[in-house]
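Summary of the model geometry
The chain contents come next:
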Amino acid sequence: MERVTNFASAKPVVIFSKSTCCMCHTIKTLFCDFGVNPAVHELDEMPRGREIEQALSRLGCPTLPAVFIGGELVGGANEVMSLHLNRSLIPMLKRAGALWV
């Protein structure tokens, strides 16, 4: 759990992902299209990725991607897209220091 917390607070936007996950790719692309440079941790390419995935599940994010903004768990793809559609995502990214525009 401590590793997740350390990773999650390292940058304004942190995404825990799997390299073969299409929804993970979609969310990473969305942030990059906004001009955000997230820290991306591909759990299927990390030696202890399975442990991190289990810790994320205990935190309340049972599926990937798991997105943190400003060190806080936002959730998965559904939560990120909901924030985007109700126009809350960009202001959240600005408050976290991930966007300067």
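Quick look at the structure, then.

Rules behind the numbers
- Residues numbered from 1 in each chain as written.
- Predicted model: local features only at pLDDT ≥ 70, side-chain atom pairs only at ≥ 80, totals over all residues.
- Heavy atoms only, no water.
- Helix = DSSP H or I, 4+ residues; strand = E, 2+ residues; numbered from the N terminus.
- Buried < 20%, exposed > 50% of the residue type's maximum accessible area, 1.4 Å probe, protein only.
- Contact = heavy atoms within 4.5 Å.
- Salt bridge = Lys/Arg side-chain N within 4 Å of Asp/Glu carboxyl O.
- Pairing = 2+ DSSP bridges.
- Polar contact = N/O pair within 3.5 Å; in protein donor to acceptor, adjacent residues only side chain to side chain.
- Phe/Tyr/Trp six-rings, centres within 6.5 Å; stacked < 30°, edge-to-face > 60°.

**Remarks on the environment of Lys94**
Here Lys94 is to be found in helix H5 (residues 89-96). Taking the relative accessible area as the measure of exposure, Lys94 reaches 40% and is therefore partly exposed. A C-alpha to C-alpha distance of 9.9 Å links Lys94 and Val36, two positions 58 residues apart in sequence.

**Some thoughts on the environment of Val4**
If you trace the backbone, Val4 turns up in helix H1 (residues 2-8). Considered as a pair, Val4 and Glu51 are 47 residues apart in the sequence and their alpha carbons are 9.7 Å apart. Contact partners of Val4, with chain neighbours within four places excluded, come to Phe16, Ile52, Ala55, Leu56, Leu59 and Phe68.

**So, the pattern of salt bridges**
A pair can form between side chains of opposite charge whenever their charged atoms are brought close. Overall, the coordinates contain four salt bridges when judged by the stated rule. Between Lys18 and Glu53 there is a salt bridge, with the nearest N and O atoms lying 3.3 Å from each other. Here Lys18, found in the loop between strand E1 (13-17) and helix H2 (22-34), pairs with Glu53, found in helix H3 (residues 49-59); they are 35 residues apart in sequence, far enough to count as distant. A residue is classified by how much of its surface remains accessible, and Glu53, at 16% relative accessible area, is buried. Salt-bridge contacts for Lys28 lead to Glu42; the nearest nitrogen and oxygen are separated by 2.6 Å. Here the residue Lys28 occupies a position in helix H2, and Glu42 occupies one in strand E2 (residues 39-42), the gap between them amounting to 14 residues. Shared partners join several salt bridges into a network, and the residues in it are Lys18, Arg50 and Glu53.

**Description of the pairing of E2**
Side-chain direction in a regular strand flips from residue to residue, so the side chains alternate between the two faces of the sheet. Pairing between E1 and E2: four bridges, direction parallel. Residue pairing for E2: Phe16 is matched across the bridge by His41.

**Side note on the side chain of Lys28**
By relative accessible area, which is 15% here, Lys28 ends up buried. Here the side chain of Lys28 touches Glu42 through a polar contact of 2.6 Å, side chain to side chain. Residue contacts for Lys28: discarding those within four places in its chain leaves Ile15, Ser17, Lys18, Val40 and Glu42.

**Quick word on the packing of aromatic side chains**
A complete count under the given rule lists two aromatic pairs for this structure. Aromatic side chains Phe7 and Phe16 sit 6.3 Å apart centroid to centroid with 65° between the ring planes, which places their arrangement in the edge-to-face category. An aromatic cluster of at least three residues, connected via ring pairs, comprises Phe7, Phe16 and Phe68.

**A look at unusual backbone geometry**
A cis amide bond links Leu64 to the next residue, Pro65, at an omega of 5°. Within the chain, Arg87 stands out as a residue other than glycine whose phi angle is a positive 65°. Residue position: Arg87 is located in the loop between helix H4 (77-85) and H5. When its relative accessible area of 73% is taken as the criterion, Arg87 is described as exposed.

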